[in-house]
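The residues making up each chain are set out below.
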Amino acid sequence: VYTMKIVLYLGVFTPKTSKCIIAFTKPFAKVNTMTNLETLLKEMTLEEKAALCTGAGPWTTKPIERLGIPGMIMSDGPHGVRRIPNEYTWEGDALPATCFPTAACLASTWDADLMYTLGQALAKEAIALKVDVLLGPGINMKRSPLGGRNFEYFSEDPFLAGKMASHLVNGIQSLGVGTSLKHFAANNQEYRRFSINAKIDERTLHEIYLAAFETVVKNSKPWTVMCAYNKLNGYYGSENYHLLVEILKKKWGFEGMVISDWGAVHDRVAALAGGLDLEMPGPNDRRVKAVIEAVQNGTLDEGTLDESVRRILATVFKAAQTPKGGTFDQTAHHELARQIASEGMILLKNIGILPLNKPKQLAVIGAAAKQAHFQGGGSSHINPTIVSEPLAAIKHFADGAVITYCEGYTEKENYDQVLIDEAVNQARSAEVALIYIALPLEKDSEGIDRSDLDLTVQQIALIQAVCAVQPNTVVILNNGAPIVMGEWINAPAAILEAWTMGQAGGDAIAEILFGKVNPSGKLAETFPRKLSDTPAFVNWPGSHREVNYGEGIFIGYRYYDTKDIPVQFPFGYGLSYTSFAYNNARLSATSIKDTEKVAVLIDVTNTGKMAGKEIVQVYVHDKKSVLIRPQKELKGFAKVALEPGETKSVSIPLDFSSFAYYHPDHDRWITESGEFEILVGTSSRNIHARLGLTLESTLQLPSTLDISSTIFD
Ligand code: GLC
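Residues numbered from 1 in each chain as written. Predicted model: local features only at pLDDT ≥ 70, side-chain atom pairs only at ≥ 80, totals over all residues. Heavy atoms only, no water.

Help me get a handle on the overall build of the protein, residues and values and all.
Scanning the protein from terminus to terminus reveals 18 helices and 31 strands. The C-alpha atoms of the protein give a radius of gyration of 26 Å, which matches the 27 Å a tight globule of 713 residues would have. Seen along its three principal axes, the alpha-carbon backbone of the protein occupies a region of about 80 × 65 × 50 Å. Within the protein, buried positions represent 63% of all 713 residues. When the accessible surface of the protein is split by element, carbon and sulfur atoms take 52% of a total near 25,600 Å². The averaged location of the 79 negative side-chain charges in the protein is 2 Å from the averaged location of its 68 positive side-chain charges. (Helix = DSSP H or I, 4+ residues; strand = E, 2+ residues; numbered from the N terminus. Rg over C-alpha atoms; globule rule 2.2 N^0.38 Å. Buried < 20%, exposed > 50% of the residue type's maximum accessible area, 1.4 Å probe, protein only. Areas by Shrake-Rupley, 256 points an atom, 1.4 Å probe, with all protein chains shown as cover. Lys, Arg positive; Asp, Glu negative; His and termini not counted. Charge placed at Lys NZ, Arg CZ, Asp CG, Glu CD.)

Set out below in structure tokens:
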């Protein structure tokens, strides 16, 4: 009857679940053509269709043996495969997998091609661990550095987040493993995340909080999108018709499957009507029954149910095309994790001490030197295949130096002068002191936001005391989001931001400190001088019911640069062991229509003695706009590797989207004719060239009620 092959079932009963886990021994024939799916859909009973729309367990969709519909296994993500051994239960430690650097570090590489490579490695591990869809990447904007999941998200800028996530999704899906772009939308805080109502105006929503999702959906077609827990403008993410149907499915043309975050569905019938195709986790017979009854009593149109079933079937059969099982190369993936970590780490300060030059005595201080702090807490927590201990890595590179170690601080936040005194004594007699500082685990975790941006009192006192006796001190930071440094930043000779660096981060730190790798990472999130400077400060985290995104489109550097607020380290900032010169900045045209492209060109030279990589950034400034716009917006970037003395000409394309902003009256991205400045820089605050461009908008838009013309000089 169907074109698919007769599939041989192997039923495996496990004592735990008493459910039959069907191991399909042969890939399915192509069943994802609409004809076949329509045939299959017609064969399904109402009960079967309703059952398919809720998971059969915590990590799998429901297999329907009668019709040869397999289950589809989903696992976190996003920076490793967290495969719980039995997809029908919650229990059990995750199987070993490579814990790659988290998204905060990934974004800091500014290397989109490297994301594709990472994606393929993640896919290979998913295949080996029999996972069909990886629950990631998470691309919510970092509205405030207090956000508990900032370690798991990319940036304060939607262009950078969208570009990096697109390449990651392309890499994962290139090997036939699906992704789940999350959390759609406006999961920007953990405080009351299951219920809080995010109040966001339509322009801010599209221009900031949906923009990265739009980029990835249109460019990379993720197999699934995961709805967020929170409400958006009064409707839960799981039943937000405007978001899931009007924007995601109709406006953007998303043809994949919308899945709920785990436990995000409140009313299954309302969720189906709102565009939510698959509720996770399952099983939930009460919810299935409610759907059946709703169709039978006419409160839910069966066509709506069928639309979700179609999307689920198409995804399930697409997943079934990729044979699962086998192994993955743990050594090669650990090496890739190290490479990515070393590309994402950021040299924030260096007064001539790095790279280290064969010190004879090293004082290694800090618990994080022994207990590597390489990931955050919550659903993304990976069981690593191996962990490179930072102290062991130092010993490996320090060839013969005397190395002392002391704890300096403990995970608890109590003050301990004895630990500080011990560290001071060891630092005093050393040539160089290395202080490894990690935020306490609960400060980088799903489910809880930070209440401050500080290190602990003990950690601050430790840094100050050690630096007071040892000017050659390097502070190495393991944190998933910005910290304030005002009390101690002048004390150490160098600061290396190592992030939640993944399992190989210990090696990556040592390679940078000893100059085997020239640091090239740059900030994807501004480090403010103090918490009260941050854009969302007066609107965070809201009341127990709602949070108002009062700062609008002005988040991150869009806020700091428009208001000219001093920051500790700006967006796009990062040092190198070499230096670069920028010459001959030019445009391929100085006047274009918005239907045309223009290239930004600049020659970059490595003027130092060490090979290195530079990240050239292109920002756009609209000199005059009907609605207010940020002082600058990132619209292009390129990472270029240069040998000492080498020059390369970098070309960065701009197009309609580089000049457009979202106008709520027109409910679309629009351009306005006028003068623009193209800023070429190596951070949002370090601009090397300003180039003039005249844009002619070809849009025929009805006049709006706007009366003011905002002019920026
Ligand atoms: C969690 C997270 C989500 C994760 C899911 C499954 O609550 O919000 O990111 O993929 O549940 O663990």
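Next comes the rest of the description.
Give a detailed account of unusual backbone geometry, specifying residues and quantitative values.
In this structure, the amide linkage connecting K182 to the following residue, H183, adopts the cis form with an omega of -5 degrees. Structurally, H183 is set in strand 5 (residues 178-184). In this chain, L354 is followed by P355 through a cis amide linkage whose omega measures 0 degrees. Position of P355 among the secondary structure elements: in the loop between strand 11 (346-350) and strand 12 (361-365). A positive phi angle, near 60 degrees, is found at K130, a position not held by glycine. For N584, which is not glycine, the phi torsion reads 60 degrees and is therefore positive.

Could you give an account of the sheet that holds strand 15 (residues 473-478), naming the residues involved and the relevant values?
The 6 strands are arranged 11-16-15-14-12-13 in an open sheet whose pairing can be described as mixed. Looking at the sheet topology across the chains shown, the edges are occupied by strand 11 and strand 13 (402-406). Pairs of neighbouring strands in the sheet enclose a mean axial angle of 15 degrees, with direction left out of account. Where strand 11 and strand 16 (residues 494-497) come together, 4 bridges link them in antiparallel fashion. Each bridged residue has a counterpart across the sheet, and for N350 the counterpart in strand 16 is A494. Along the sheet, helix 14 (residues 417-428) contacts strand 12, strand 13 and strand 14 (432-438); its crossing angle with strand 13, the most-contacted strand, is approximately 170 degrees. (Pairing = 2+ DSSP bridges. Axes fitted to C-alpha atoms, helices over the stretch in contact; angles between N-to-C directions. Contact = heavy atoms within 4.5 Å.)

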